[in-house]
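Residues per chain are reported as follows:
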Amino acid sequence: MAKTPDRILIAGGGPVGAMAAHLLARAGLPVTVFEKEAGVVVDYRASTIHPPTLDLLEECGATDAMIGMGLICPVWQFRDRERGKIAEFDLSVLAGDTRHPYRLQCEQFKLVGWLYDRLAEHDGASLLFGHEVTGIAQDEDGVSVTCRTQEGTVEHRGAWLIAADGGRSAVRKLLDIGFEGFTHPEHFLVSGTRFDFKAALPDICSVNYTADPVEWFLLLEIPDMWRIVVPVGPSVEADDAVSDRYLQGCLNNLLPRDEPYEIEVRAIYRVSQRVADSYRAGRVFLAGDAAHINNPLGGMGLNGGLHDAISLSGRIAGAMHGSIAEAELDGYEVERKPEAVNAINAITERNKKLMEERDPEIRARNLEDWRALAADPERSYRYLLDTSMISSLRRSGMIA
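Quick caveat, the model's predicted, so the values are computed rather than measured.

Q: Explain the overall build of the chain residue by residue, including any values.
A: Summing up its helical and strand segments, the chain has 13 helices and 21 strands in all. Here the C-alpha atoms of the chain give a radius of gyration of 21 Å, agreeing with the 21 Å that 2.2 N^0.38 yields for 400 residues. Looking at the chain residue by residue over its 400 residues, the buried ones come to 57%. Taking the intrachain contacts of the chain between residues at least 6 apart in sequence as the baseline, contacts between residues at least 24 apart amount to 73%. Separation between the mean location of the 42 positive side-chain charges and that of the 60 negative ones in the chain comes to 2 Å.

Below is the structure:
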């Protein structure tokens, strides 16, 4: 067992765990990350980085890196499948509130790869692949983590443990922390194609949310392809949903064409709206999807997780260096959990309901509301403050 009581342990090497490790290593603290996979996991579920996230990550170098790997998208649209463009929003109106008045599309695996390279530059940082957390024990002086590896069971000890091991967090389950909420009955189907939708649909932009009572969809441009998200009813088997036949049908419902689409990405997953009962248990903290999960309509899950990493790593570094009292670690949950409930979950669930509304009268009223919102400069400005997460971070005190 490695006896390093000053070391920070992190379960999960995804974007949240890797970012927390990077920030802690930059603060001069030794850190060990346990990642059960063998390397970077290529996952197209999350790619949106919101303006204040870019502001917060400037100092650590991640913002410039992501801009170099990503696609700047200052405008997004709300559309209807039958009526086309309903409302368009330009984030440049936020120029007085952020240094980055746009959405950045940068797939999360690109950020993870960049963070892994940065961790390799720190002598005190250790990234352990093929390490699956299976046990936790803690006392007043530290926390011990047991991991399953190909070579057998190993144990590590540190001062604190950050659980960033996803929505099915093993750490959260080991600690028996409740994860209240619900799971949507339908699946979400993600596909990717290099077909040029802007050439075929000249009135779209790079980020398009399209409402429909039967099959709403998200059409999103990323640097090397277009990503499409559609709902799949519970009666459709997952293997059938990712088949060429089903995917071609979905894409042709979006835009009919004589030739088949070349499909570069296909994946299906369940979506839930859940928040952990507690973000802390002794020397263990939950962050990212381990603490809160939501649907992807609004691009808030990844951003909220990165905000967790920023808040928590700063508090841990301050406590370890003696610049703040250890009791201030309790402020992490106070700062982050209300926004997971009141902003991330509330906004993403509202977005889903608006896009899938079936009642014709309510749908028509919703579309008129969208038009009115986009046409009112003051209302649309306030709306963009909310949907870009600036309002949320201001409420929590993470930004001015």
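Q: Give a detailed account of the nonpolar core, specifying residues and quantitative values.
A: Counting residues in hydrophobic clusters, the biggest one holds 100 residues, and the most contacted among them are M19, M66, W76, F78, I162, I316 and W370. Setting aside its immediate chain neighbours within four residues, M19 contacts G14, L57, C60, A62, L111, L115, L306 and A309. Counting 20 residues, the second largest nonpolar core, distinct from the first, contains F195, L219, L255 and Y261.

Q: Explain the sheet that holds strand β19 (residues 280-281) residue by residue, including any values.
A: The pairing of strands in a sheet happens through backbone hydrogen bonds and is either parallel or antiparallel. Spatially, 6 strands are ordered β9-β3-β2-β13-β20-β19 in an open sheet, and the strand pairing comes out mixed. Pairing within the sheet leaves two strands with one partner each, and these edge strands are β9 (125-129) and β19. Lying over the sheet, helix α1 (residues 15-26) contacts β2 (8-11), β3 (31-35), β9 and β13 (160-163), oriented at roughly 165° with respect to β2. Strands β2, β13 and β20 (284-286) of the sheet are contacted by helix α9 (residues 301-321), whose axis makes an angle of about 180° with β13.

Q: Give me helix α10 (residues 331-356): which residues, what numbers.
A: Look at α10: 37 Å from first C-alpha to last across 26 residues, which is about the 38 Å you get at 1.5 Å a residue. Of all the bends in α10, the largest measures some 40° and sits at A340.

Q: I'd like a description of the environment of A27, backed by residues and values.
A: Mapped onto the elements of the fold, A27 is located in the loop between α1 and β3. Sequence separation between A27 and I316 is 289 residues; the distance between their C-alpha atoms is 9.9 Å. Aside from chain neighbours lying at most four places away, what touches A27 is A317 and H321.

Q: Hey, could you go over the pattern of salt bridges for me, with residue numbers and the actual values?
A: Tallied over the entire structure, the rule returns 25 salt bridges. Because the salt bridges share partners, they merge into one network encompassing R81, D212 and E215.

Q: I'd like to hear about the pairing of β13, residue by residue, with values.
A: In β13, alternate side chains face the same way, and those of W160 and I162 on one face and L161 and A163 on the other are all buried. Pairing of β2 with β13 involves 4 bridges; the strand directions are parallel. When the sheet's bridge partners are listed, I10 is paired in β13 with I162. Summarising the sheet, β13 and β20 pair through 3 bridges and their orientation is parallel. By the bridge assignment, I162 is partnered in β20 with F285.

Q: Provide a residue-level description of the packing of helix α11 (residues 360-375) against helix α12 (residues 377-387), including the pertinent values.
A: At a minimum axis distance of 5 Å, the contact between α11 and α12 shows a crossing angle of 100°. By the criterion of interaxial angle, the relationship of α11 to α12 is roughly perpendicular. Between α11, through W370, A372, L373, A374 and A375, and α12, the contact on the second element is made entirely by P377, R379, S380 and Y383. Taken together, the residues of the contact of α11 with α12 sort by class into 7 nonpolar, 1 polar and 1 charged.

Q: Give me unusual backbone geometry: which residues, what numbers.
A: Positive phi outside glycine occurs at D176, with the angle close to 60°. As for its placement among the helices and strands, D176 is situated in the loop between α5 (170-174) and β14 (179-193). We note that M389 has phi near 80°; this positive angle belongs to a residue other than glycine. Mapping M389 onto the fold places it in the loop between α12 and α13 (390-396).

Q: Go over the packing of aromatic side chains, please, and point to the residues and values.
A: The geometry of an aromatic ring pair is captured by the separation of the ring centres together with the interplanar angle, meaning the angle of the planes. Throughout the structure, instances matching the rule amount to 19 aromatic pairs. With a centroid separation of 5.3 Å and an interplanar angle of 80°, the aromatic rings of F195 and Y261 are classed as edge-to-face. Placement of the pair is F195 in the loop between β14 and α6 (197-200) and Y261 in the loop between α8 (244-254) and β18 (263-276), with a sequence separation of 66 residues. There is no split in this pair, since F195 and Y261 are both buried. Within the aromatic cluster, the residues linked to one another by ring pairs are W76, F78, F89, Y209, W370 and Y383. The positively charged end of R45 is found above the aromatic ring belonging to Y269, 4.7 Å away from the centroid.

Rules of the game
- Residues numbered from 1 in each chain as written.
- Predicted model: local features only at pLDDT ≥ 70, side-chain atom pairs only at ≥ 80, totals over all residues.
- Heavy atoms only, no water.
- Helix = DSSP H or I, 4+ residues; strand = E, 2+ residues; numbered from the N terminus.
- Rg over C-alpha atoms; globule rule 2.2 N^0.38 Å.
- Buried < 20%, exposed > 50% of the residue type's maximum accessible area, 1.4 Å probe, protein only.
- Contact = heavy atoms within 4.5 Å.
- Lys, Arg positive; Asp, Glu negative; His and termini not counted.
- Charge placed at Lys NZ, Arg CZ, Asp CG, Glu CD.
- Core = buried A, V, L, I, M, F, W, Y, C linked by side-chain atoms within 4.5 Å.
- Pairing = 2+ DSSP bridges.
- Axes fitted to C-alpha atoms, helices over the stretch in contact; angles between N-to-C directions.
- Expected span 1.5 Å × (residues − 1).
- Bend = angle between axes of the 7 residues up to and from the residue.
- Salt bridge = Lys/Arg side-chain N within 4 Å of Asp/Glu carboxyl O.
- Parallel < 35°, antiparallel > 145°, perpendicular 65-115°, else oblique.
- Nonpolar A, V, L, I, M, F, W, Y, C, P; charged D, E, K, R; others polar.
- Phe/Tyr/Trp six-rings, centres within 6.5 Å; stacked < 30°, edge-to-face > 60°.
- Lys NZ or Arg CZ within 6 Å of the ring centre and 35° of its normal.

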